[in-house]
Amino acid sequence: MTSWKLTALAPRPVIEAALLAHEDAWDWDPDIVISGSEIAEDRPDDWQLEAWLPRKPGKADKAAVLALFGDSPPSLAIEQLPEVDWLTASQTGLEPIDAGLFHVHTPEHPPLNQAGLRDFCIPASQAFGTGQHATTAGCLTMLTYMKRQGVVVRNLADIGTGTGLLAFAALHLWPRALATASDIDAVCLDVVADNAAANAVPMGARPGELTMLVADGMAHPLLEARGPYDLIIANILAGPLIGLAPDFARHMVPGGHLLLAGLLETQEAQVRRAARKAGLRLAAGLVNGDWSILWLRKRSGATSRAARLGQLPDWARH
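Residues numbered from 1 in each chain as written. Predicted model: local features only at pLDDT ≥ 70, side-chain atom pairs only at ≥ 80, totals over all residues. Heavy atoms only, no water.

*Asks:* Got a minute to help me understand the side chain of Thr-180 in this structure?
*Replies:* Position of Thr-180 among the secondary structure elements: in strand β9 (residues 178-183). With sequence-adjacent residues up to four places away left out, Thr-180 is seen in contact with Leu-156, Ala-157, Asp-158, Leu-210, Thr-211, Leu-213, Leu-223, Arg-226 and Tyr-229. (Helix = DSSP H or I, 4+ residues; strand = E, 2+ residues; numbered from the N terminus. Contact = heavy atoms within 4.5 Å.)

*Asks:* Would you mind showing me how to read the packing of helix α4 (residues 134-148) against helix α5 (residues 165-173) here?
*Replies:* Helix-helix packing: each pair is described by the crossing angle between the helix axes and the interaxial distance. For the pair α4 and α5, the least separation of the axes is 10 Å and the interaxial angle reads 15°. Here α5 runs roughly parallel to α4, going by the angle between their axes. Seen along the crossing, α4 lies across α5 with a hand that is right-handed. Contact residues: α4 offers Thr-136, Cys-139, Leu-140, Leu-143, Thr-144 and Lys-147, while α5 offers Leu-165, Leu-166, Ala-169, Ala-170 and Leu-173. For the contact of α4 with α5, a count of residues per class yields 8 nonpolar, 2 polar and 1 charged. (Axes fitted to C-alpha atoms, helices over the stretch in contact; angles between N-to-C directions. Parallel < 35°, antiparallel > 145°, perpendicular 65-115°, else oblique. Left-handed = near helix turned anticlockwise from the far one by under 90°. Nonpolar A, V, L, I, M, F, W, Y, C, P; charged D, E, K, R; others polar.)

*Asks:* Help me understand the nonpolar core in this model?
*Replies:* Nonpolar side chains in soluble globular proteins generally cluster together in the buried interior. Counting 40 residues, the largest nonpolar core has Phe-120, Leu-140, Leu-143, Phe-168, Trp-174, Leu-210 and Leu-231 as its most contacted members. Among the elements that line this core, the one with the most residues is α5, at 8 residues. (Core = buried A, V, L, I, M, F, W, Y, C linked by side-chain atoms within 4.5 Å. Buried < 20%, exposed > 50% of the residue type's maximum accessible area, 1.4 Å probe, protein only.)

*Asks:* Where do I start with unusual backbone geometry in this structure?
*Replies:* When glycine is set aside, most residues are seen to have a negative phi, and most peptide bonds are trans. A cis geometry characterises the amide bond from Gly-227 onward to Pro-228, with omega recorded as 0°. Looking at the secondary structure, you find Pro-228 in the loop between α7 (221-226) and β11 (229-235).

*Asks:* Sorry, what's going on with the pattern of salt bridges here?
*Replies:* Opposite charge on two side chains lets them pair, provided their charged atoms get close. Counted under the stated rule, the structure contains 12 salt bridges. Its salt-bridge partner being Glu-79, residue Lys-5 comes within 3.5 Å of it at the nearest N-O pair. Placement of Lys-5 in strand β1 (residues 3-11) and of Glu-79 in strand β4 (residues 76-81) is noted, with a sequence separation of 74 residues between them. The class of Lys-5 is buried, set by a relative accessible area of 13%. A salt bridge links Arg-272 to Glu-268; the nearest nitrogen and oxygen atoms lie 3.2 Å apart. Of the two residues, Arg-272 and Glu-268 are both situated in helix α9 (residues 268-277); the distance of 4 residues between them amounts to about one turn of the helix. Arg-272 gets classed as partly exposed once you look at its relative accessible area, which sits at 28%. A residue is classified by how much of its surface remains accessible, and Glu-268, at 15% relative accessible area, is buried. Residues participating in the shared-partner salt-bridge network are Asp-29, Asp-31, Arg-55 and Asp-61. (Salt bridge = Lys/Arg side-chain N within 4 Å of Asp/Glu carboxyl O.)

*Asks:* What should I look at first to understand the environment of His-105 in this one?
*Replies:* On the secondary structure map, His-105 appears in strand β6 (residues 102-105). A relative accessible area of 4% means that His-105 is categorised as buried. Of note is the side chain of His-105, whose polar atom sits 2.8 Å from the backbone oxygen of His-109. (Polar contact = N/O pair within 3.5 Å; in protein donor to acceptor, adjacent residues only side chain to side chain.)

*Asks:* Is there a simple way to explain the sheet that holds strand β13 (residues 280-288) in this structure?
*Replies:* The strands that make up a sheet pair up through hydrogen bonds in the backbone, lying either parallel or antiparallel. The sheet built from 7 strands is open, its strands ordered β10-β9-β8-β11-β12-β14-β13 with mixed pairing. Of all strands in the sheet, those with a lone pairing partner are β10 (210-214) and β13, marking the two edges. Mean inter-strand twist for the sheet, computed between neighbouring axes without regard to direction, equals 15°. Both β13 and strand β14 (residues 291-298) contribute to a ladder of 8 bridges, which runs antiparallel. Residue pairing for β14: Leu-282 is matched across the bridge by Leu-296. (Pairing = 2+ DSSP bridges.)

*Asks:* When you look at the packing of helix α8 (residues 238-250) against α9 in this model, what are you seeing that I'm missing?
*Replies:* Closest axis-to-axis distance for the α8/α9 pair is 8 Å, and the angle between their directions is 10°. Taken as axis vectors, α8 and α9 run roughly parallel relative to one another. Contacts between α8 and α9 involve Ala-238, Leu-241, Ile-242 and Ala-245 on the former and, on the latter, Gln-270, Val-271, Ala-274 and Ala-275. For the contact of α8 with α9, the per-class residue count stands at 7 nonpolar, 1 polar and no charged.

*Asks:* I keep staring at the sheet that holds β6 and nothing clicks. Help me out?
*Replies:* Here we have 3 strands laid out as an open sheet, ordered β5-β6-β7, and mixed in their pairing. Either end of the sheet is taken by a strand with one partner, and the two such strands are β5 (97-99) and β7 (118-121). Averaged over all adjacent pairs, the angle separating strand axes in this sheet is 25°, with direction ignored. Here β6 runs beside β7; their pairing, made up of 4 bridges, is parallel. Looking at β7, one finds that His-105 is bridged to Cys-121.

*Asks:* Help me understand the confidence of the model for the protein in this model?
*Replies:* The pLDDT averaged across the protein works out to 86; a share of 87% of its residues lies at or above 70. The spread of mean pLDDT over the elements of the protein runs between helix α10 (residues 314-317), the lowest at 37, and strand β8 (residues 155-159), the highest at 98. (pLDDT = per-residue confidence, 0-100.)

*Asks:* Is there a simple way to think about helix α6 (residues 187-198) in this case?
*Replies:* The α-helix winds at 3.6 residues per turn, so residues separated by three or four positions along the chain end up facing the same way. Across its 12 residues, α6 extends 17 Å between first and last C-alpha, which sits within 8% of the 16 Å expected from 1.5 Å per residue. Among the residues making up α6, those that are buried are Cys-188, Val-191, Val-192, Asn-195 and Ala-196. Seen end-on, α6 carries its buried residues on one side only, within an arc spanning 130°. Exposed residues pointing more than 90 degrees away from the buried face of α6 are listed as Asp-190, Asp-194, Ala-197 and Ala-198. (Expected span 1.5 Å × (residues − 1). Arc of directions from axis to C-beta.)

As structure tokens, then:
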């Protein structure tokens, strides 16, 4: 399929404001995928906004991107791209990372086989979450910190799991937990299954096994039936995190834990405000690069319907 890219250059605050405007654009064309990044490591204040399209951009497409910048939009560079799986290509040859108790590498690199460190091999694929992104690495660090702080997890869910890495890591830390992973993209079903097999992570519906499903946020009957959760992980985007905050709280036990990532540091205040309104309070946070990772807890005084595995209907167990 022929792809095209629009690129706008501007100072970092301008690009970040455009990204926020994109999240608020409820009528945004889902075919237009955007991202913002610095142009080079030695130019941290010079950023670019890139928009990818599966077609040659028309007048309406260009206008939609320029509208993100308000009254003073920058110029747009337009280029046709070769037929390449850009997600896979961007992840090829990635260097291994160490985050918390985890070493994450692609098949091009060998495992460390180091005592006390869990190796995960996550190939470049059609799903997000190889571990190299600052948000994923930050979540691995925060999960390790939570474990060391004595957090006990019997029932967990990873929403927007991508490659499954964060769910795998949580199961390593709490190996007897009931675990559910979901993603809005159906391609992740096979990606997670393949990665689970490659990393000896058992798939299934019993405690210590991972159940994978396709869902938009928390909107799935199995997610409802298997809750409430001691731990929910969501490494997605700031806009969905804000919108899903009440759903996350509703599906958590009193005193339960919520790990959020995928938000820029500049978006943290908005996400925390939505979390507070939902009855969630900050337990700890860290910043990795430009990204915030938040550990939140549900107020212990809140009430929630409990559901143990033995009480689930037959269809939910399987």
